[in-house]
Amino acid sequence: MSEKRLKAELHCHIEGAAPPQLAARLAIKYGVDLSDYLRDGQYVWNDFSSFIACYAAIANVFRAEEDFADLAEAYLTELAGYGTIYSELFVSPEQGLLAGLSRDGYMRAITAGIEAAKANTGIECRMVMIGERHMGPEQVEGAAAYAAACDFPLLTGFNIAGEERHGRVADFARGFDIARDAGLKLTIHAGEVCGAFSVRDALDIVRPDRIGHGVRAVEDRELVNRIADVGTVLEVCPGSNIALSVYPDFSAHPLRRLYDAGVKVTLNSDDPPFFHTTLQREYDLAEGVLGFSGSEIDEMTRTAINAAFVDEATRAQLLARLENGNG
Ligand SMILES: Nc1ncnc2[nH]cnc12
Ligand SMILES: [Zn+2]
């Protein structure tokens, strides 16, 4: 797959994009012992729960505004280097608080990183606020209330992530109501660790524009038809799903079945270095391993831009870039 094929990504957690070498450097700078989570230049975890713990430990070595700004700029610059024209970053200002910053300081830093990357490469980026499910409904509602009140124009969406086995979607409905009432677009992690019921809950209760992962909807044919009919877009992260053992291998991955059933799907990296992946690798896997043609892959990129949480003028510009660039 050419590095020149234009790409777009809707699902990447900013702290999950931290290269191990950078995390190691910051751990030394701040005197943090990461030996349980980072060894021989690799993140250490062995199941979903230990992944979440490792993610939190790594996120916690980002302490200063410049740490977050540099991370966002470096990640987006890397994406642009292999033809990515749009990225949505999942941000968690709670992380800023844990690091001793204010929520505004955290958001200001990531905004600065996004603006620097755009100035240097032209990549367009928006932020989606994350509430962490395992921190409970109050944390999620707090994140939504902050998202509704803060003034960062690049923040355009709201999402919940974290431990999907913690509670049911209904417990987090109020957080989504706050975000929806504030005009934010909605996406939700569902159907990754939990099965089809979790995706059905998300559709019934949140009525999201998109679903993060959603792949386990494939376990219920009626649900797959419903997702195709409603047009809800799935942010699929194949490399993440294999790394986290949602599926044993790529031959078992349902991306092709979902696509063939008419579901709108997109390609994403989730937490790239944690899963030994990149967005480039996800595109390569789609073509080389999952059996998609170049034009089917371009269609997924178009789907991503059509589902991006951007204003219509930006969407039109991105679509024009895609048509001209890949033409
Ligand atoms: N794949 C994932 N699922 C749920 N929460 C996450 N947070 C970071 N990556 C995640
Ligand atoms: Zn995710």
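Residues numbered from 1 in each chain as written. Chains lettered and ligands numbered in written order. Predicted model: local features only at pLDDT ≥ 70, side-chain atom pairs only at ≥ 80, totals over all residues. Heavy atoms only, no water.

## Focus: the coordination of the zinc ion (ligand 2)
Item 1. In the first shell of the zinc ion (ligand 2), the protein supplies H11 (NE2), H13 (NE2), H189 (NE2) and D270 (OD), at 2.1 to 2.3 Å from the metal.
Item 2. Classification of the site at the zinc ion (ligand 2) as irregular follows from its 4 donor atoms and the range of 85 to 171° in their angles at the metal.
Item 3. Positions of the donor residues of the zinc ion (ligand 2), expressed as sequence spacing, correspond to H-x1-H-x175-H-x80-D. In this pair, H13 sits in strand β1 (residues 7-13) while D270 sits in the loop between β10 (264-267) and α12 (279-288), placing the two residues 257 residues apart along the sequence. (Donors = N, O, S within 2.8 Å, 3.2 Å for Na, K, Ca; no water. Tetrahedral: all angles 85-135°; square planar, octahedral: opposite > 155°, others 65-115°. Helix = DSSP H or I, 4+ residues; strand = E, 2+ residues; numbered from the N terminus.)

## Some points on the UniProt feature "active site" (unreviewed entry) in the protein
Item 1. In the numbering adopted here, UniProt assigns the feature "active site" (unreviewed entry) to E192.
Item 2. With respect to the helices and strands, E192 occurs in the loop between β7 (185-190) and α8 (196-206).
Item 3. Judged by relative accessible area, E192 falls into the buried class, the value being 4%.
Item 4. With residues up to four places along the chain from it excluded, the contact list for E192 reads F48, E164, H213, R216, S240, N241, L244, V246 and D270. (UniProt positions renumbered as here; feature names shortened; annotations may be inferred. Buried < 20%, exposed > 50% of the residue type's maximum accessible area, 1.4 Å probe, protein only. Contact = heavy atoms within 4.5 Å.)

## Remarks on the UniProt feature "site: Important for catalytic activity" (unreviewed entry) in the protein
Item 1. Summarizing the sequence annotation, UniProt attributes the feature "site: Important for catalytic activity" (unreviewed entry) to H213 in the numbering used throughout.
Item 2. Along the polypeptide, H213 turns up in strand β8 (residues 210-213).
Item 3. Not counting residues within four places of it along the chain, the set of residues in contact with H213 comprises H11, H189, A190, G191, E192, L234, E235, V236, C237, S240, N241 and D270.
Item 4. Among the polar contacts made by the side chain of H213, one reaches the side chain of E192 at a distance of 3.3 Å. (Polar contact = N/O pair within 3.5 Å; in protein donor to acceptor, adjacent residues only side chain to side chain.)

## Overview of the pairing of β8
Item 1. Here β7 runs beside β8; their pairing, made up of 4 bridges, is parallel. The partner of T187 across the bridge, within β8, is R210.
Item 2. In the classification by handedness, the crossover that spans β7, the intervening α8 and the parallel β8 is right-handed.
Item 3. Bridge count between β8 and strand β9 (residues 233-236): 3 bridges; the pairing is parallel. Paired with I211 across the strands is L234, a residue of β9.
Item 4. For the crossover from β8 across helix α9 (residues 221-230) to β9, the handedness is right-handed. (Pairing = 2+ DSSP bridges. Right-handed = clockwise from strand over helix to strand, strands pointing away.)

## Looking at the site of ligand 1
Item 1. Around ligand 1, a shell composed of H13, F48, F51, Y55, A161, G162, H189, E192, H213, D270 and D271 is seen.
Item 2. In this structure, a nitrogen atom belonging to ligand 1 sits 2.7 Å away from a side-chain N or O atom of E192.
Item 3. The side chain of D270 places a nitrogen or oxygen atom 2.7 Å from a nitrogen atom of ligand 1.
Item 4. Taken atom by atom, the bulk of ligand 1 overlaps the largest pocket.
Item 5. With 3 residues, helix α2 (residues 48-59) is the single largest residue contributor to the shell around ligand 1.
Item 6. Its residues assigned to classes, the shell around ligand 1 comprises 4 nonpolar, 4 polar and 3 charged. (Near = heavy atom within 4 Å. 1 Å grid on protein atoms, 1.4 Å probe; cavity = no way out; pocket = protein on both sides within 12 Å on 5 of 7 lines; lining within 4 Å. Sits in = over half its atoms within 2 Å of the grid points. Nonpolar A, V, L, I, M, F, W, Y, C, P; charged D, E, K, R; others polar.)

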